[in-house]
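One letter stands for each residue in the lines below.
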Amino acid sequence: MNKKALAALLTALPLATFSAPAFAADGECGSVTEAEMNWASAGVAAWVDKIILENGYGCDVTLVTGDTMPTFTSMNEKGEPDIAPELWVNAVKVALDKAVSEDRLVIAAEILKDGGEEGWWIPKYVADEHPEIKTVDDALKHPDLFPDPEEPSIGGVYNCPSGWNCQISTANRFKAHKAEEKGFKLVDTGSAAGLDGSIANAYESKKGWLGYYWAPTAILGKYPMVKLDAGVEGDKEAWDKCNSQADCVDPKPNAYPTSDVYTVVTKEFAENNAVAMDYLGKREWSNKTVGEFLAWQADNQGTNEDTAYYFLENYPDVWKAWLSDDVIKKVEDAL
């Protein structure tokens, strides 16, 4: 798509949901910082926001590198960046509730309207060959089926990269299920690419793989995986207070809750950018939509920016619901 054409068209987004000073309706948004989180769905969301906020409201948007815990902590304590486009709330539920109640942060919208799905997964071909493996404890009975990449004589559980809250929750689950005593160790994947690559490599060689992942993602669309049952009823209070916390001394087996996934902004941004907040309050998509454009991104080696434009060009029925009728008409004409 021609970016200048899009800039000329996305100029009249509606003002309805949030109350704020009237001057914000003029689109004088000023400088905005937004976290480009280092997983694909959040990265694409940041670029969709950048395109619309800059061209629609005259904002000057700077994207900054983000991770769940560092971004939330910085927003909560320092008031920056202004926007976290995709915050998985399970990771920070207690602290987020406190920040909202104390008027430091504001929840704009539930960006993943189906919620996010987290857990420990195994390849479908392993599940098909071993139908007895249905729970986490079932898998931990078979270290031979899930070899550590460096020490294949023991089992490996693939962990999240440093800085992701799932690194904490995975380590707590590992401890809760006494996985080390059962012949396993945690595998440091190093990065998002390392985690993704470990699944791709397992599929290419048809080897076992056991570890954390989440949906919606391109990886789970491309490589069919089966989520293991926790084997216990979920205890949300225990999850929020212990299983998701780094200082959890004695974690018990627990199920990952379906995660609320929100766009979160600072209180100052919410109060001073009513028009932008109206957009952010409406901007949501389904897991199916996200999985589809992430699969396109993976197949075409697209950047987050490329994929944002692909989304705008190919999913007008999704994003036109965020805009006023006159803007919809202009965008449709341009496309």
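What you see is a predicted model, and the numbers here were worked out from it, not measured in a lab.

(A) Expanded view of the pairing of strand β7 (residues 184–187). Pairing of strand β6 (residues 155–158) with β7 involves four bridges; the strand directions are parallel. Note that in β7 the partner of G156 across the bridge is K185. With respect to chirality, the unit in which β6 leads through helix α7 (residues 165–176) into the neighbouring parallel β7 is right-handed.

(B) Just the state of the cysteines, in detail. If you walk through the whole model with that rule in mind, you get two disulfides. Two residues, C160 and C166, share a disulfide whose sulfurs are 2.1 Å apart. The S-S bond linking C160 to C166 shows a torsion near -120 degrees; that makes this disulfide left-handed. When sorted by exposure, C160 lands in the same class as C166, which is buried. A disulfide bridge connects C242 with C248, and the sulfur atoms are separated by 1.7 Å. Given an S-S torsion of about 60 degrees, the disulfide between C242 and C248 has right-handed geometry. For C248, a relative accessible area of 7% corresponds to the buried category.

(C) Molecular detail of the pattern of salt bridges. Tallied over the full model, the rule gives 18 salt bridges. For the salt bridge of E102 with K98, the shortest nitrogen-to-oxygen distance reads 3.1 Å. Salt-bridge contacts for D250 lead to K252; the nearest nitrogen and oxygen are separated by 2.7 Å. Within this structure, K98, E102 and R104 form a network of salt bridges that share partners.

(D) Spotlight on the nonpolar core. Of all hydrophobic cores here, the largest spans 99 residues; its most connected members are L210, W285, F311 and W322. Tallying contributions element by element places helix α2 (residues 40–57) first for this core, with 10 residues. Filtering out sequence-adjacent residues up to four positions away, W285 remains in contact with S41, A45, V48, I111, L112, K113, V290, F293, F311, V318 and W322.

(E) Representation of the packing of aromatic side chains. Taken as a whole and judged by the stated rule, the model has 18 aromatic pairs. Seen from their ring centres, Y212 and Y256 are 5.7 Å apart, and the 50 degrees between their planes marks the pair as tilted. In this pair, Y212 is assigned in strand β8 (residues 211–215) and Y256 in the loop between α10 (236–243) and β10 (261–266), connecting sequence segments 44 residues apart. Across the pair, Y256 and Y212 agree in class, each one buried. Aromatic side chains Y310 and Y315 sit 6.4 Å apart centroid to centroid with 65 degrees between the ring planes, which places their arrangement in the edge-to-face category. Residue Y310 shares its accessibility class with Y315, and that shared class is buried. Grouped by ring-pair contacts, the aromatic residues Y279, W285, F293, W296, Y310, F311, Y315 and W322 constitute a single cluster. The ring of W120 carries the charged tip of R173 above its face, separated from the ring centre by 5.3 Å.

(F) Representation of the packing of helix α13 (residues 287–300) against helix α14 (residues 304–314) within the structure. Between α13 and α14, whose axes approach to 10 Å, the crossing angle comes to 130 degrees. Considering the angle they form, α13 stands oblique to α14. The handedness of the crossing between α13 and α14 comes out as right-handed. Residues T289, F293, W296 and Q297 of α13 pack against N304, D306, T307, Y310 and F311 of α14. Partitioned by chemical class, the residues of the contact of α13 with α14 number four nonpolar, four polar and one charged.

(G) Examining unusual backbone geometry more closely. Here E80 and P81 are connected by a cis peptide whose omega angle stands at 0 degrees. Checked against the element boundaries, P81 lands in the loop between α3 (68–78) and β3 (83–88). Cis geometry marks the peptide bond from A215 to P216; its omega dihedral reads 10 degrees. Mapped onto the elements of the fold, P216 is located in the loop between β8 and α9 (218–222). Phi at K206 takes a positive value of approximately 55 degrees, unusual for a residue other than glycine. Along the chain, the position of K206 falls in the loop between α8 (192–205) and β8. One non-glycine residue with positive phi stands out, namely Q301, at about 50 degrees. Summarising the element assignment, Q301 is placed in the loop between α13 and α14.

Scoring rules and cut-offs
- Residues numbered from 1 in each chain as written.
- Predicted model: local features only at pLDDT ≥ 70, side-chain atom pairs only at ≥ 80, totals over all residues.
- Heavy atoms only, no water.
- Pairing = 2+ DSSP bridges.
- Helix = DSSP H or I, 4+ residues; strand = E, 2+ residues; numbered from the N terminus.
- Right-handed = clockwise from strand over helix to strand, strands pointing away.
- Disulfide = S-S within 2.5 Å.
- Buried < 20%, exposed > 50% of the residue type's maximum accessible area, 1.4 Å probe, protein only.
- Salt bridge = Lys/Arg side-chain N within 4 Å of Asp/Glu carboxyl O.
- Core = buried A, V, L, I, M, F, W, Y, C linked by side-chain atoms within 4.5 Å.
- Contact = heavy atoms within 4.5 Å.
- Phe/Tyr/Trp six-rings, centres within 6.5 Å; stacked < 30°, edge-to-face > 60°.
- Lys NZ or Arg CZ within 6 Å of the ring centre and 35° of its normal.
- Axes fitted to C-alpha atoms, helices over the stretch in contact; angles between N-to-C directions.
- Parallel < 35°, antiparallel > 145°, perpendicular 65-115°, else oblique.
- Left-handed = near helix turned anticlockwise from the far one by under 90°.
- Nonpolar A, V, L, I, M, F, W, Y, C, P; charged D, E, K, R; others polar.

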